[in-house]
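Report on the structure
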Amino acid sequence: MFRTRPEARPATVEVMVEGRPVWVPEGASAAAAVLLAGLPSIRETAISGSPRAPYCMMGVCFDCLAVIDGVTNRQACMVAVTPGMRIERQGGARGVAP
Ligand code: FES
């Protein structure tokens, strides 16, 4: 019924989610990339280890904490994708720098 005009389609960028290439619309968040990759969760809680996935997509719930380009505890929903970005799952509490 509705069709997107070819010139209206957003450009896409390639990011790596858990080592797998995923094409994401330019300007989308890293959390959107995780959801597009089909991961069931992005992190486990520090205490119980229960799985979490992006939920609010607006920086409120912190269920999207991930390792982005080697930096832990990034709110994936608040970070726009860039070409070649590496997004990885975060397990438990983040490490503390010495
Ligand atoms: S999804 Fe809720 S803070 Fe990112």
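Anything mentioned here points back to the structure above.
These lines cover the structure that appears in this document, whether it is placed above or below. (Residues numbered from 1 in each chain as written. Predicted model: local features only at pLDDT ≥ 70, side-chain atom pairs only at ≥ 80, totals over all residues. Heavy atoms only, no water.)

Some thoughts on the overall build of the chain
The condition is simple: Segments assigned H or I by DSSP are reported as helices when at least four residues long, segments assigned E as strands when at least two residues long, and all are numbered from the N terminus. Burial classes: relative accessible area under 20% of the type maximum marks a residue as buried, over 50% as exposed, and values in between as partly exposed (1.4 Å probe, protein chains only).
Summing up its helical and strand segments, the chain has one helix and eight strands in all. The helix and strand sequence of the chain, counted from the amino end, reads β-β-α-β-β-β-β-β-β. For the chain, the spread of C-alpha atoms along the principal axes amounts to about 50 × 30 × 20 Å. When each of the 98 residues of the chain is scored for burial, the buried share is 34%.

What about unusual backbone geometry?
Even without a glycine there, the phi angle at F62 is positive, about 60°. Here F62 is to be found in the loop between β4 (51-52) and β5 (65-68). Residues other than glycine seldom take positive phi values, yet N73 does so here, at roughly 60°. Along the chain, N73 falls in strand β6 (residues 71-75).

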